[in-house]
Amino acid sequence: MIEILQWTTLIACCTAALSRVPNLVRRKNRSMFFIFALMTLAVLLSIKGPYLAIDGLLGGTNIANLLLRFIIFGAIFFLGLRIATGFGDEQGLRLLRGKAGTLAFGLTSIALLVPFILMDTSGSSVGMTAVNTGNAWNAVLVQYYAAAGRAYPAYVCLVLLPGMLRALRSSLPAVLRASALLLAVGCAAIAVTLLFPIMPPAVGFLKFVINYTAILCFVVGLALIWVASSRAGRKHRPVSAARR
């Protein structure tokens, strides 16, 4: 089930990225392509086969996992900017681009790098789950590293969530409100990842479900924004033509 969810998410992200290639070539709204491309790469690096192959090329010391974390940071930051701009969330933009956002990114990046440098990272392992956890100190460092990797995405999503909830209660077109709903679900799911350390091992599979559900919600939610803007463009085109 988990593998099906992983590959479905990868296909969805890849399809979304490829659909934006024409706009990339025309240099129109290129940010969407880069967001979907980063999300595709992030999902690819979270799947066992591709991860082991890529990390093996990088030396087999889980550098691919550190790379994955920063790819996620970049994807969630640009995703947040796109969503906040699209829904006119000025407060969200300030918290992402201002001092608070810079501080959050800087602190979580340091908190991510320090444990990675200190721990024994030998032996490629998806999610760092099998990295010398027999050593108590190393096990603690792995937990801190994982927590730091979840912190910045959770910050961005908590910043975006109020704006999505306001959009849901607004008089925006139904497509945009549906988009806001999906994006709100995605943001809430990422925020829930902060609770992963206290989740019982028996329901550990829910971690995968939560993560990939969030990604799918973001992909479909952004696609609905594109549908809404395309519809708006078609409505205004006849008016523009009549004026000419």
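Here is a short report on the structure shown in this document. (Residues numbered from 1 in each chain as written. Predicted model: local features only at pLDDT ≥ 70, side-chain atom pairs only at ≥ 80, totals over all residues. Heavy atoms only, no water.)

## With respect to the packing of aromatic side chains
Per the counting criterion, the structure on display carries eight aromatic pairs. Ring centres 5.2 Å apart and planes at 70 degrees place the aromatic pair Phe 77 and Phe 78 in the edge-to-face group. Consider the rings of Phe 105 and Tyr 152, whose centres lie 5.4 Å apart with planes at 75 degrees: the pair is edge-to-face. With Phe 105 in helix 7 (residues 99-118) and Tyr 152 in helix 8 (residues 136-168), this pair connects stretches of sequence that are 47 residues apart. One aromatic cluster is present, built from ring pairs that chain together Phe 70, Phe 73, Phe 105, Tyr 152 and Tyr 155. (Phe/Tyr/Trp six-rings, centres within 6.5 Å; stacked < 30°, edge-to-face > 60°. Helix = DSSP H or I, 4+ residues; strand = E, 2+ residues; numbered from the N terminus.)

## Re the packing of helix 6 (residues 90-97) against helix 8
Contact geometry of helix 6 with helix 8 gives a least axis separation of 8 Å together with a crossing angle of 160 degrees. Taken together, helix 6 and helix 8 sit at an angle that is classed as roughly antiparallel. Here the hand of the crossing between helix 6 and helix 8 comes out right-handed. Every residue of helix 8 that contacts helix 6 at Gly 92, Leu 95 and Leu 96 is listed here: Tyr 155, Val 156, Val 159 and Leu 160. Class assignment of the residues belonging to the contact of helix 6 with helix 8 gives a composition of six nonpolar, one polar and no charged. (Axes fitted to C-alpha atoms, helices over the stretch in contact; angles between N-to-C directions. Parallel < 35°, antiparallel > 145°, perpendicular 65-115°, else oblique. Left-handed = near helix turned anticlockwise from the far one by under 90°. Contact = heavy atoms within 4.5 Å. Nonpolar A, V, L, I, M, F, W, Y, C, P; charged D, E, K, R; others polar.)

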